[in-house]
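# Reading the structure
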Amino acid sequence: MASVLVLASSLAACGEKTPEAAAPGAASGAAFPAVIEHKYGTTTVPAESKRIVVVGLVEQDALLALGVTPIATTEWWGEHPGALWPWAKEKLGSNPVPQVLKPTDGIEIEKVLALNPDLVLGSYSGMTKEEYDKLSARVPTIAQPKGVIDYGVSWQDVTRIVGTAVGKKAEAEKLVSDVEGQFAAARQAHPEFAGKVAAVVTYYQGIYVYGSQDARGRFLTDLGFKLPDGLDALTGTEFGVTLSPEKTNLVDTDVLVWLIDDYAKDKASVQANPLYAPLRVKKEARDVFLENNETLGAATSFVTPLSLPYLLDNLVPQMATAIDGNPATEVKRAA
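Quick summary incoming for the structure in this document. Here, residues in each chain are numbered from 1, in the same order as that chain's written sequence. Residue-level local features of this predicted model are given only where pLDDT is at least 70; pairs of side-chain atoms are given and counted only at 80 or more, and the full residue set underlies all totals for whole chains, interfaces and linings. Derived side-chain values reflect all non-hydrogen atoms in the structure, with water molecules and hydrogen atoms excluded from consideration.

## Some words on the pairing of strand β11 (residues 255-260)
The buried count for β11 comes to six of six residues, which makes it a mostly enclosed element. A two-sided burial pattern is seen for β11, the buried positions comprising Val255, Val257 and Leu259 on one face and Leu256, Trp258 and Ile260 on the other. Direction of pairing for strand β8 (residues 198-203) relative to β11: parallel, over a ladder of five bridges. Bridge pairing links alanine 199 to leucine 256 in β11. Between any two strands, at least two bridges found by DSSP are needed for them to pair. By definition, any uninterrupted DSSP run of H or I lasting at least four residues is a helix, any uninterrupted run of E lasting at least two residues is a strand, and each is numbered from the N terminus. Judged from the five bridges that link them, β11 and strand β12 (residues 287-291) form a sheet pairing that is parallel. From the neighbouring strand, isoleucine 260 faces β12, where its bridge partner is glutamate 291. Three labels apply to residues, based on accessible area from a 1.4 Å probe with only protein chains included: buried if under 20% of the type maximum, exposed if over 50%, partly exposed otherwise in between.

Written out as structure tokens, the structure reads:
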């Protein structure tokens, strides 16, 4: 499960040709200078950016949704051209495919600066103060928000930060509002979700549960679910936690979404686990299994204004099937 759990690729940066410039659309001149506060201070973006490098893991989706194409992105996992998953690829249009950075240990400062960017985005990242200082000495750089754990910023705030930075604050707010409207429609269509307990888990040195400071946990609560009691006490300042064997009952929820690497093999292994097999969630077929490298599984981790409509359309029906508690209505694998 390291492909989803680990937040930096283990591959070296690739050597694709750098696109010549961003395609920023029509940013408002009145929107600049744009001032963004973050973990390491305040960044001023003086004018419309033409060469944006994404060192966070998901900001490219917000950029593309706002009509802006970065010259480079940072790959989380998946090995897609430009680090663009299917839900985002169509937004690229005829613009150049971004170069992909594949850092092995933190941000590759020299490679980023060699691209001659005029803006660096890292709100969904683990950027260190040292990395920020080196980048911001040369180019306006936006780090993760203050008061938020690394990789813990919400998709709404990522979208708003990106929108402000590229001079499209109003468009970003409308984008957030539109997607939140889709969540509202999903809650209305599925009142059975309200107040029920759900979780998203993977397998990493045991059962790993994503908490309330993680995008996967927030996806559930935005649908009306509650996370398991006591989960936040276990996760602390992290976005998730590996459960000790005696805590396995924590995932005996009304709906449980599993992120796995191999559907048949890993599902069978999970359900045969002697600690998991006796749980109601397994006996009543309340568990949903998704492969990390398939589009639906990827969208569950890659939570953005572009992936969420796809996720709402395709995962919510599976969760509605699982929550009925009837083993005869076993959740079918996504196409």
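## Regarding helix α7 (residues 169-189)
Residue count minus one, scaled by 1.5 Å, sets the expected span of a helix. Taking 1.5 Å per residue as the helical rise, α7 with its 21 residues ought to reach 30 Å, and the 30 Å between its terminal C-alpha atoms agrees with that figure. Considered for burial, the residues of α7 that qualify are Ala172, Leu175, Val176, Val179, Phe183 and Ala186. Along the long axis of α7, the arc covered by the buried residues comes to 95 degrees, so they all point the same way. For α7, the exposed residues lying more than 90 degrees away from the buried face are Ala170, Lys174 and Gln188. Buried residues in α7 make contact with α2 (59-65), α6 (155-165), α8 (215-222) and α13 (307-322). The arc under discussion is defined with respect to the helix axis, by the directions toward the C-beta atoms. Pairs of residues are marked as contacts when any of their non-hydrogen atoms sit within 4.5 Å.

## Things to note about the side chain of threonine 248
Its place among the elements puts threonine 248 in the loop between β10 (240-242) and β11. For threonine 248, a relative accessible area of 6% gives the class buried. There is a polar contact of 2.7 Å between the side chain of threonine 248 and the backbone oxygen of proline 245. Aside from chain neighbours lying at most four places away, what touches threonine 248 is Ile207, Leu243, Leu275 and Leu279. Pairing of N or O atoms within 3.5 Å defines a polar contact, subject to two protein rules: one partner must be a possible hydrogen donor and the other a possible acceptor, and residues neighboring in sequence count only if both atoms are side-chain atoms.

## A few points about empty space enclosed by the protein
The distinction between a cavity and a pocket rests on a 1 Å grid over the protein atoms alone: a 1.4 Å probe fits inside a cavity but cannot get out, while a pocket stays open yet meets protein on both sides within 12 Å along at least five of seven lines, and a residue with an atom within 4 Å of a point counts as lining. Grid points are joined across faces, edges and corners, and a volume is the space filled by probe spheres set on the points. Here the structure, examined in full by the defined rule, presents two cavities of 30 Å³ or more. Approximately 40 Å³ is the volume found for the largest cavity. Residue lining of the largest cavity: Glu75, Trp76, Trp77, Gly78, Glu79, His80, Ala83, Trp85 and Phe302, and that is the complete set. When the residues that make up the lining of the largest cavity are grouped by side-chain class, the tally is five nonpolar, two polar and two charged. In this structure, the second largest cavity is lined by Ser154, Trp155, Gln156, Ala215, Arg218 and Val303. The nonpolar class holds Ala, Val, Leu, Ile, Met, Phe, Trp, Tyr, Cys and Pro. Asp, Glu, Lys and Arg form the charged class, and all remaining residues, Gly among them, are polar.

## Examining the sheet that holds β11
The five strands lie next to each other as β10-β9-β8-β11-β12, forming an open sheet whose pairing is mixed. Bordering the open sheet on either side are β10 and β12, each of which pairs with just one other strand. The sheet shows a mean angle of 25 degrees between the axes of neighbouring strands, direction not considered. In this sheet, strand β9 (residues 207-210) lies alongside β8 in antiparallel orientation, the contact comprising three bridges. Following the sheet pairing, threonine 202 is matched in β9 by tyrosine 208. In the packing of helix α10 (residues 263-272) onto the sheet, contacts are made with β11 and β12, and the angle to β12 comes to roughly 145 degrees. The angle between two axes is taken between their N-to-C directions and runs from 0 to 180 degrees, where each axis is a line fitted to C-alpha atoms and a helix contributes only its stretch in contact. Relative to the sheet, α13 contacts β11 and β12, its axis offset from that of β12 by approximately 150 degrees.

## Quick word on the packing of aromatic side chains
Note on aromatic pairs: the rings of Phe, Tyr and Trp (six-membered ring only in Trp) are paired at centre separations within 6.5 Å, and the planes decide the class, stacked below 30 degrees, edge-to-face beyond 60, tilted for the rest. Applying the stated criterion to the full structure yields 15 aromatic pairs. Ring centres of tryptophan 76 and tryptophan 77 lie 4.9 Å apart, and the angle between their planes is 85 degrees; this geometry places the pair in the edge-to-face category. Across this residue pair, the class does not change: tryptophan 76 and tryptophan 77 are buried. Judged by centre distance (5.7 Å) and plane angle (85 degrees), the rings of tryptophan 258 and tyrosine 276 are edge-to-face. You can see tryptophan 258 sitting in strand β11 and its partner tyrosine 276 sitting in the loop between α10 and α11 (280-283), a full 18 residues away along the chain. Among the residues examined, tryptophan 258 registers a relative accessible area of 1% and is labelled buried.

## Some details on the packing of α6 against α7
Two numbers describe how α6 lies on α7: the axes approach to 7 Å, and their chain directions differ by 160 degrees. Classed by the angle they form, the pair α6 and α7 counts as roughly antiparallel. Every pair of crossing elements has a handedness; the one defined by α6 and α7 is right-handed. Of the residues in α7, those in contact with Trp155, Gln156, Thr159, Arg160, Gly163 and Thr164 of α6 are Lys169, Ala172, Glu173, Leu175, Val176, Val179, Glu180 and Phe183. Residues that form the contact of α6 with α7 fall into these classes: six nonpolar, four polar and four charged. Orientation categories follow fixed angle ranges, with anything under 35 degrees roughly parallel, anything over 145 roughly antiparallel, 65 to 115 roughly perpendicular, and all other angles oblique. What makes a crossing left-handed is the near helix being turned counterclockwise from the far one by less than a right angle; a clockwise turn instead makes it right-handed.

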